[in-house]
Amino acid sequence: RSIAAGVYNKIPGDGRELCVTVESALSVRAEDGRYVNNCNISAFISNLPTVNGVTPIDTMLFSTQEASGSTSQATNVSEAIEMGA
């Protein structure tokens, strides 16, 4: 939390004197259940579990109606990087 809060001005003595964060930093969280369409999350997840006989999921073009915590966080990071973070 202190790293995320480090983008804001500090009050002397508030306990964050040793925590420094660049102004452009951002915080990314998982969003269980979010929609994802054609997002490359392969840098974070390469193999997703599938049912026997089902085509493996391509994490370079990942899509889902209801993302898990890990796939939604990977998507959020990928989207943040895509936007210039």
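Residues numbered from 1 in each chain as written. Predicted model: local features only at pLDDT ≥ 70, side-chain atom pairs only at ≥ 80, totals over all residues. Heavy atoms only, no water.

On to the nonpolar core. One finds Val 36, Cys 39, Ile 41, Ile 45, Leu 48, Phe 62, Ala 67 and Ala 74 forming the largest nonpolar core, which totals 8 residues. Not counting the four nearest positions on each side in its chain, Phe 62 is found in contact with Val 36, Asn 37, Asn 38, Cys 39, Ile 41, Leu 48, Ile 57, Thr 71 and Thr 75. (Core = buried A, V, L, I, M, F, W, Y, C linked by side-chain atoms within 4.5 Å. Buried < 20%, exposed > 50% of the residue type's maximum accessible area, 1.4 Å probe, protein only. Contact = heavy atoms within 4.5 Å.)

Okay, the pattern of salt bridges next. Tallied over the entire structure, the rule returns 1 salt bridge. Note that Glu 79 and Arg 34 form a salt bridge whose closest N and O atoms lie 3.0 Å from each other. With Glu 79 in helix H2 (residues 69–82) and Arg 34 in the loop between helix H1 (2–5) and strand S1 (36–39), this residue pair connects regions lying 45 residues apart in the sequence. With a relative accessible area of 16%, Arg 34 lands in the buried category. (Salt bridge = Lys/Arg side-chain N within 4 Å of Asp/Glu carboxyl O. Helix = DSSP H or I, 4+ residues; strand = E, 2+ residues; numbered from the N terminus.)

Positionally, Gly 6 belongs in the loop between H1 and S1. Separated by 40 residues in the primary sequence, Gly 6 and Ser 46 place their C-alpha atoms 33 Å from one another. Non-local contacts of Gly 6, meaning those with residues more than four positions away in its chain, are made with Arg 16 and Thr 21.

Let's shift gears to unusual backbone geometry. Its identity as a non-glycine residue notwithstanding, Asn 38 has a phi of 50°, on the positive side. Take Asn 38: it is sitting in strand S1. Given a relative accessible area of 48%, Asn 38 falls into the partly exposed group.

Between its first and last C-alpha, H2 extends 20 Å over 14 residues, near the 20 Å set by a 1.5 Å rise per residue. Of the positions making up H2, those classed as buried are Thr 71, Ser 72, Ala 74, Thr 75, Asn 76, Ser 78 and Ala 80. In this structure, the buried residues of H2 make contact with S1 and strand S2 (62–64). Gly 84 occupies a position one or two residues after H2 and carries a positive phi of about 105°. (Expected span 1.5 Å × (residues − 1).)

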